[in-house]
Every structure is written in structure tokens, then in C-alpha cells.
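Observations on the three-dimensional arrangement
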Amino acid sequence: MFEVVFLKQFYQQMKRDEITALGDSLAQSYDQSEDYVNKLHSAAFDNNVAIVLFNSSYKVDFSTSAFGQFSFAFDIDKIKGWFSRTVEEGHTRFTYIDDSLPDRSTLLYGAVLSDDLQGQQYYLYMASPLAAVETATEVIRNQLTIVTLSSLVLAFIISWIFSSRLSGPITNMSLAAKRLAKGDYSVQFEGNGFNEIDELSETLNYATRELKKTDELRRDLIANVSHDLRTPLTMIKAYAEMIRDLSGEDPVKRAKHTQIIIDETDRLSALVNDYLNLAKMQSGTEELVKQPFDLSALTETAISHFDYLAESQGYVFHTDITEGVIVDGDARKIEQVVYNLISNAVNYTGDDKSVTVTLHSYGKFAELAVIDTGKGIPDEEKDGIFERYYRTGKTHKRQVVGTGLGLAIVKGILIKHDVAFGVQSEVGHGSRFWFRMPIVHTKKKGSDEK
Ligand code: ADP
């Protein structure tokens, strides 16, 4: 638009300035020498103008033209008129665009030359055709129309292609997302070769897989939780009946059975607490209550909770526990860790039903390890098992309460304590879960401390 509307004006103004400057310089340097005539010739050729010198009675004194015969814009009456008006108005020069002939518009310049020695008045008159620029603007205007129209069409086609390529998959994705929202995890988000859309569909597929996993795990969890709650409840009931029917009279047995009931009840509430704790821990709101405690005693107590399995199911617990190891931490949480590790070992150990618990001190650190003889954990699953709800096999028969959160809780607690932990495992031979805690001091047997 700018080109079409302003090119002509712009060009005319430029031309006007150019011719005015040329005319002014010719008028100023006017004399009657041979040199001046040559100057006029070359000015005419260099600038594509016709130049005429009139004497005071408007007779042509000299003329030169870059374009041969100079016939247009040469109406002597008009020329006289312009000059006399210029003189009347007290000016010495004029520029004028003569549009009277269509397609022949001409830029005219006139200057009154100063009196020469004979007192003769001379007039310098120049004409330069502007037709060339008009042809050029016409060409540009036509080209521009064609270019504009074809770019519009092209832009429309391109945007149509792009938008349909973009909106197609996005519409499909939103349909798939609706199905996903209704619980259909089989949906597949498909990209279309565009980077961002491919990335989005990949992310959505990932989210779907994760949702699917979480949903499956949630179902498992509900099944597990109800199963896990039922097991201690059954035991509490069994021991209560045993006290009522058998051991009620035997104070030793009764005390033992009552203790089991109490412990199992504690376990039940601990279990419920676990869910809350894990939730809190993962949201970062759970604080540790750290103080020195006897890790050796804590480990022994944890193992003793599994005595009933030794008695009734033939489990063998081997222990190698350094006595009196005092460490700094949240005893209740560390007990949970030990308990979870032992119950996993019980659940996953081999046919020999053996579980080994060791607590050794290495300089400033104590390392507690729970070792089983089960089928072990493949390397690629070693990280996964510490994630919540991660299960390697679903058909395992559980002997003790397991929430499917066991190792996630272990990891959460140990990370909060900022201590090292891990698992060494050989498929087919068993696993060794361990963690290390900094020792505050070691208590010698007989309770004198060092
Ligand atoms: P669960 O309640 O299922 O035991 P955990 O978080 O304690 O939940 O354990 C996660 C998974 O890690 C288990 O399902 C099991 O596949 C694997 N796992 C944990 N401990 C052992 C072990 N001692 N031997 C083999 N696999 C184990």
C-alpha cells in the first residue's frame, strides 16, 4: 500500500529537488562562454532533461535535449506566463509539474537569469519527463496486486493445512483425555510429527501409564490393607480365645498371649498411622523427634515381635547384634524401618524360612542389615522397590502385615535421617537390606558407658 500510494509523490519530490538543484547551479554559474554551453549539454544528457535559454523576448537563444527533438512542454505562451508571474511575485525561479497531457506529465523548471552586460534578460527553462516513474509505479502496482493476492491465497492454504494438521490430533487428544477421565486407561495419545504435539502426546501417554499404575496399585492397596488388617485381627481373636479357653489359668502363658494381643493391637494402630505418616512424610509435614536411643535393644524388640512365626511356622531367626549401640534418631521411626525390613525378609525369604539380622559397628557408624535367602531382586528393580506401591510379584503369600508401602516408608524415614541405605541382592540367593546410622556412643554390657 505504501509503495502504491506514495511512490509517485516520493519520486516526484526527489526529481523536483534534483532538477531544482541542477537549475539553481546552472543559473548561478550563467555566463556566455563556450564552457557554459558545454556545461548545459552535459547537464541535459546526465540528467535526462531538455534545457532552453530564452532571451528577453522569449526567442530561443540556445537549446539542448537528452531525448532528441524537444516538442512537448514547449508552449511558449504558457512559458511566458509562468516567467512573468514569477517575476511579478518577486521570485527568480519556479518549478511546476505539467499534468495537462495524460501519460506525459513533465517536471518544469524556470529561472530568471541575472542581467548581463548588455542589460539583456535571459531565461533558463528546463523540462524533464516524469513518464518513466509513472510506468514504474504502474508495474509495481500490478505486481503488488498479484503478489498480494497470491500471498493471501498461499497463506490461506498453508494455514488451513497447518491448522487442520494441528487441530486434528488435538481434537483426538481431547477425546482421548475424556475417555481417560472416565477411567479408560487403554487410551493412546497420538502425535503428528510436530515436535510440541509429539511431546504433549508423549507426556499424556506417560501420565496415562502412571495413572494406570497408580490406579492398579490403589486397588491392590485396598485389597492389601483389608487383608493386612484382617491378619492381626484374626490373631488377636485367636489369642484372646486361647486365653479364655486354655491359658487363662497359666499366668506365664497368659501373660505371653496377652502381650501378643497388645503388640498386635499396637501394630494395628501403627499400621493405620503408617498411612498417615507416609502421606505426611511425602507432603513434607512430618517432623522427626530425634534423640539418642539404643539401636541394639530396639532391634531385639523388633525381632521378638516375630517370635510367633518361629513358634508356629518354623521360621528361623539368626541374629548377630552388637550390644549397646546408641545412635541418634527418631526411635519410633527407626523401629518402623527395622520392622518393615524384617517383615519383608519374612515375606520373601526362601524355603528354609531363614532370616538373619545383624548389627555391627564400623568406627563411627553402625550398620544394621536384614538378610533373607529368597529369590532376590533383579538389578533393574532395585530402585523401583523403594517407590510406593511397587510390587515385583503379586502372588506372594504374606506371613506378616505388609502394606505395599513398606519400603517407601523405609526410604522416606532414612532419607529424613540423612543416612545411607541400600540393598544388595543376588537373584536366586536372597537379599540384604541395610542402613547405616552414626553412633553417639557404645554402651558396654552392665550399662557402664564409654
Ligand atoms: P510389600 O508390602 O509389597 O512388601 P514393600 O514396599 O515392603 O511392599 O516392598 C516392595 C516390593 O519390593 C515387594 O512387593 C517385593 O516385590 C520387593 N521386596 C521387598 N523386600 C524384598 C525382599 N526381602 N526380597 C525380595 N523382594 C523384596
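From a predicted model like this one, the values you see are computed outputs, not experimental measurements. (Residues numbered from 1 in each chain as written. Predicted model: local features only at pLDDT ≥ 70, side-chain atom pairs only at ≥ 80, totals over all residues. Heavy atoms only, no water.)

Details of the pattern of salt bridges
Under the defined criterion, the tally for this structure stands at ten salt bridges. With a shortest N-O distance of 3.9 Å, K237 and E241 are connected by a salt bridge. Taken together, the residues span about one helical turn, with K237 and E241 both in helix α5 (residues 195–245) at a distance of four residues. Classification of K237 by relative accessible area gives exposed; the value is 55%. Of the charged contacts, one joins R436 and E367 as a salt bridge, the two residues approaching to 2.8 Å between their closest N and O atoms. In this pair, R436 sits in strand β12 (residues 430–442) while E367 sits in strand β10 (residues 365–372), placing the two residues 69 residues apart along the sequence. According to the relative accessible area criterion, R436 is partly exposed, its value standing at 33%. (Salt bridge = Lys/Arg side-chain N within 4 Å of Asp/Glu carboxyl O. Helix = DSSP H or I, 4+ residues; strand = E, 2+ residues; numbered from the N terminus. Buried < 20%, exposed > 50% of the residue type's maximum accessible area, 1.4 Å probe, protein only.)

Some points on the pairing of β12
Pairing of strand β8 (residues 325–329) with β12 involves three bridges; the strand directions are antiparallel. If you follow V325 over to β12, its bridge partner there is T442. Relative to β12, β10 runs antiparallel, the two sharing seven bridges. Along β12, the bridge assignment pairs A369 with W434. The pairing of strand β11 (residues 421–426) with β12 spans six bridges and is antiparallel. (Pairing = 2+ DSSP bridges.)

Some thoughts on the sheet that holds strand β5 (residues 122–129)
With respect to topology, five strands assemble into an open sheet ordered β2-β1-β5-β4-β3, the strand pairing being antiparallel. Where the open sheet ends on each side, the last strands, each with one partner, are β2 (60–65) and β3 (93–98). Across the sheet, the mean angle separating the axes of adjacent strands is 15° when strand polarity is ignored. As judged from the eight bridges shared by strand β4 (residues 106–113) and β5, these two strands associate in the antiparallel manner. The partner of L113 across the bridge, within β5, is Y122. Sheet strands touched by helix α2 (residues 34–47): β1 (50–54) and β2. Its angle to β2, the strand with the most contacts, is close to 40°. (Axes fitted to C-alpha atoms, helices over the stretch in contact; angles between N-to-C directions. Contact = heavy atoms within 4.5 Å.)

What about the packing of helix α9 (residues 331–348) against helix α10 (residues 406–417)?
Direction vectors running N to C along α9 and α10 enclose 145°, while the axes themselves pass 9 Å from each other. Taken as a pair, α9 and α10 cross one another with a handedness that is left-handed. Contact residues: α9 offers K333, I334, Q336, V337, N340, L341 and N344, while α10 offers G406, L407, I409, V410, I413, L414 and H417. Looking at side-chain class alone, the contact of α9 with α10 contains eight nonpolar, five polar and one charged residues. (Left-handed = near helix turned anticlockwise from the far one by under 90°. Nonpolar A, V, L, I, M, F, W, Y, C, P; charged D, E, K, R; others polar.)

Remarks on the environment of D77
Mapped onto the secondary structure, D77 falls in helix α3 (residues 76–88). Residue D77 is classed as exposed on the basis of its relative accessible area of 55%. Separated by 19 residues in the primary sequence, D77 and Y58 place their C-alpha atoms 9.5 Å from one another.

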